[in-house]
Amino acid sequence: MKKVGKPVFFVVFVLILLLTLTAFLGVSTTFGDIPTTWIKGAQDIRWGIDVRGGVDATFSPPDGYDATDEEMAAAEQIIKVRMVSQNITDYEIYTDYDKDRIIVRFPWKEDETDFNPEDAIAELGATARLTFREGYETDASGLPSGVTADTIILEGKDVEEAAPAMTNTNEIVVSLKLTSEGAEKFAEATTRLSSQSPKGIISIWMDDVMISYPRVNDAILNGEASISGGFDAAGAKELADKINAGALPFALQTTNFSTISPTLGVGARDAMVLAGFIAFIAICVLMIILYRLPGIVACIALMGQAAGTIAAITGYLPSISSFTLTLPGIAGIILSIGVGVDANVITYERIREELRLGRGIDAAIDAGYKRAFTAIFDGNITVVFVAVILMGAFGPPASIFAMMLKPVFGIFGSSTTGAIYSFGYTLLVGIILNFLMGVTASRLMLKSLSKFKPLRKAWLYGGEKK
């Protein structure tokens with residue numbers, strides 16, 4: 001290893017200390033009444049429903065009905081629209097096209113006291129009502145009013161198909177194909193509205209939520225229309241799915257759901273965090289007693305590993321999305337720290353053996369890290385494989401690990417489970433940080449400390465005291 005100077009310890013220690021303080025406390029400023037977050041802290045962690053309390057439900061078509069991928073995508077859009085209409089924005093939705101099921105998780109609302117999960121689930125799964133209405137008048141609550149409330153031009157049953165399409169001028173639009181009955185009603189309405197000055201508007205509603213309000217430029221007589229409005233491909237598909245959702249021939253059934261009390265979740269979280277903190281202190285005391293100076297270095301490295309894991313969960317910087325942390329995710333953090341302790345024990349025992357064989361301090365440190373690395377790498381890479389498999393098997397179908405493992409798990413269909421995915425994520429992050437902190441940073445710090453004359457005593461590194 002290249003020569004490590006005395007200042008290296010202080011540089012690494014200060015960097016780890018800064019990471020720890022900012023990762024746990026965050027950095028924010030307030031100008032007037034406007035707060036600005038520069039670095040996210042532990043208070044910005046997004047807790048899963050097993051901590052915050054909430055509902056975990058699985059929806060599927062009626063028994064015996066084989067839904068198409070388009071119908072499942074449309075059903076997903078129904079649930080998303082209804083979530084937003086209930087002011088529930090912090091939700092998770094995963095669609096398993098292989099098994100025709102939609103997994104939905106959403107937390108309790110703030111200060112919720114009488115929320116009925118059965119009613120919420122029934123409302124999410126009910127058949128959607130799609131309407132095309134004249135104008136776009138709304139009341140103070142955003143509901144249709146006036147002419148818009150009284151004049152329904154088309155319903156979901158009148159729409160045969162909606163799909164994204166591209167015109168001859170390369171503009172992305174949403175094309176509509178109507179039934180024969182729907183075409184007659186649409187021809188009458190568009191003829192009348194296109195002759196007005198200014199031209200009339202037909203608004204499109206999902207339940208009581210307006211999802212689009214295109215202007216009628218020309219009379220449409222053949223039952224085929226297009227909605228333009230500067231769409232990109234994703235926006236056109238989203239609107240098409242919402243329109244198709246109103247024509248679903250089935251209501252979603254709840255095949256499984258569970259709820260958890262916020263009080264129970266927070267209590268379990270606090271107990272695990274307290275247990276982890278006590279265990280961390282106990283481990284540090286034991287490491288210092290057994291290994292002395294390397295034990296102190298190990299505690300600093302473990303502190304950096306814990307801080308790095310928190311930073312990876314919160315997103316650290318405001319531009320990075322945060323990760324939802326569940327109770328198993330906390331267990332993954334604690335387990336990864338345990339793996340980090342194991343790496344330090346293996347290394348320091350090797351250093352102690354080298355010292356007992358008569359090697360000098362520098363040679364013992366180099367040999368200890370070099371000979372322990374193979375065992376550490378083998379143990380850690382095995383855990384990495386397990387974490388990747390957990391994230392691939394139980395993560396969102398579109399995640400990178402799910403795509404990597406699709407040839408294997410695609411046989412059985414995806415099985416999204418946020419709690420297990422969170423455990424795999426924190427475990428994987430912790431193991432990666434173990435290589436960075438427990439192997440690299442601790443080696444730099446220990447090599448740097450060994451350059452100070454008062455610290456060049458073998459017993460400080462676990463050797464015998466002469």
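This structure is a prediction, so every number in the text was calculated from the model and none was measured. Throughout this description, residue numbers start from 1 for each chain and increase along the sequence as written. Where local features are concerned, this predicted model is filtered to residues with pLDDT of at least 70; where side-chain atom pairs are given and counted, the filter is 80 or more; whole-chain, interface and lining totals use all residues. Hydrogens and water molecules were not included; the side-chain quantities draw on all heavy atoms of the structure.

Quick look at the confidence of the model for the protein
As a per-residue quantity, pLDDT reports the predictor's confidence and falls between 0 and 100. Taken as a whole, the protein shows an average pLDDT of 83; of its residues, 88% reach a score of 70 or greater. We call two residues in contact whenever any of their non-hydrogen atoms come within 4.5 Å of each other. Counting contacts from residues 411-415, a segment whose pLDDT is below 50, to residues more than four positions away or on other chains yields 12 contacts.

Notes on helix H1 (residues 7-25)
Because each turn of an α-helix spans 3.6 residues, side chains separated by three or four positions in sequence point in the same direction. Helix and strand assignments come from DSSP, with helices taken as H or I runs of at least 4 residues and strands as E runs of at least 2, each series counted from the N terminus. The span one expects for a helix is its residue count, reduced by one, times 1.5 Å. Taking 1.5 Å as the rise per residue, H1 with 19 residues should run 27 Å; its terminal C-alpha atoms sit 27 Å apart, in good agreement. For the exposure calls, accessible area comes from a 1.4 Å probe over protein chains only, and a residue counts as buried if that area is under 20% of its type's maximum, exposed if over 50%, partly exposed in between. Among all positions of H1, only Phe9, Val12, Ile16, Thr20, Thr22 and Ala23 are buried. Looking at the residues trailing H1, positive phi occurs at Gly26, about 75°.

Quick word on the packing of aromatic side chains
Geometry of aromatic contacts follows a simple scheme: Phe, Tyr and Trp rings, the Trp one being its six-membered ring, pair when their centres are within 6.5 Å, and the pair is stacked under 30 degrees between planes, edge-to-face over 60, tilted otherwise. Summed over the entire model, instances satisfying the criterion amount to 10 aromatic pairs. Directly above the aromatic system of Phe452 lies the positively charged group of Lys6, at a separation of 5.3 Å from the ring centroid. Each ring is checked for a lysine NZ or an arginine CZ that lies within 6 Å of its centre and within 35 degrees of its normal; such an atom marks a charge sitting over the ring.

Section: the environment of Val266
With respect to the secondary-structure elements, Val266 resides in helix H8 (residues 262-291). Overall, the relative accessible area of 30% leaves Val266 in the partly exposed class. As a C-alpha pair, Val266 and Val51 span 215 residues in sequence and 5.2 Å in three-dimensional space.

Notes on the pairing of strand E1 (residues 27-31)
The buried fraction of E1 is low, at zero of five residues. With five bridges joining them, E1 and strand E2 (residues 34-39) adopt antiparallel strand pairing. By the bridge assignment, Val27 is partnered in E2 with Ile39. The pairing criterion for strands is at least two bridges between them, as found by DSSP. Taking the residues that link successive antiparallel strands as the turn, the E1-E2 hairpin has two residues, and the phi of Gly32 there is positive, at about 70°.

Re the nonpolar core
One finds Tyr348, Ile351, Leu446 and Tyr461 to be the most contacted residues of the largest nonpolar core, which totals 55 residues. Mapped onto this core, the elements with two or more residues apiece are H1, H8, helix H9 (293-314), helix H10 (327-356), helix H11 (361-394) and helix H14 (418-449). At 12 residues, H14 tops the list of elements feeding residues into this core. Buried residues of nine kinds, namely Ala, Val, Leu, Ile, Met, Phe, Trp, Tyr and Cys, make up a nonpolar core once their side-chain atoms join them within 4.5 Å. If you look at the next biggest cluster of nonpolar residues, it comprises 29 residues, including Ala74, Val81, Ile220 and Leu239.

Overview of the packing of H9 against H10
The geometry of H9 relative to H10 is characterised by a closest axis approach of 10 Å and an angle of 150° between their N-to-C directions. Judged by the angle between their axes, H9 and H10 are roughly antiparallel. Once H9 is placed against H10, the crossing between them reads as right-handed. Touching Pro294, Gly295, Val297, Ala298, Leu302, Gln305, Ala306, Thr309 and Ile313 of H9 are Ile333, Ser336, Ile337, Gly340, Val341, Asn344 and Tyr348, all from H10. Nonpolar residues are Ala, Val, Leu, Ile, Met, Phe, Trp, Tyr, Cys and Pro. Charged residues are Asp, Glu, Lys and Arg, and all others, Gly as well, are polar. Partitioned by chemical class, the residues of the contact of H9 with H10 number 10 nonpolar, six polar and no charged. Between the N-to-C directions of two axes lies an angle of 0 to 180 degrees, each axis being a line fitted to C-alpha atoms and, for a helix, fitted only over the stretch in contact. Roughly parallel means an angle under 35 degrees; roughly antiparallel means over 145; roughly perpendicular covers 65 to 115; every other angle is labelled oblique. Each crossing gets its hand from how the near helix is turned against the far one by less than a right angle, where anticlockwise is left-handed and clockwise is right-handed.

Observations regarding the pattern of salt bridges
The term salt bridge refers to a side-chain nitrogen of Lys or Arg lying within 4 Å of a carboxyl oxygen of Asp or Glu. Under the definition given, this model contains 14 salt bridges. Linking Arg371 and Glu354 is a salt bridge whose minimum nitrogen-to-oxygen distance equals 2.8 Å. Of this pair, Arg371 sits in helix H11 while Glu354 sits in helix H10, placing them 17 residues apart in sequence. When salt bridges with common partners are traced through the structure, they connect Arg350, Glu353, Glu354, Arg359 and Arg371 into a single cluster.

Focus on the sheet that holds strand E6 (residues 101-107)
Strand order across the open sheet formed by four strands is E5-E6-E4-E14, with antiparallel pairing between neighbours. The strands lining the two open edges of the sheet, one partner per strand, are strand E5 (92-96) and strand E14 (253-260). On average, adjacent strands in this sheet sit at an angle of 10° to one another, irrespective of strand direction. Pairing between strand E4 (residues 54-60) and E14: seven bridges, direction antiparallel. Across the sheet, Gly54 pairs through a bridge with Ile260, a residue of E14.

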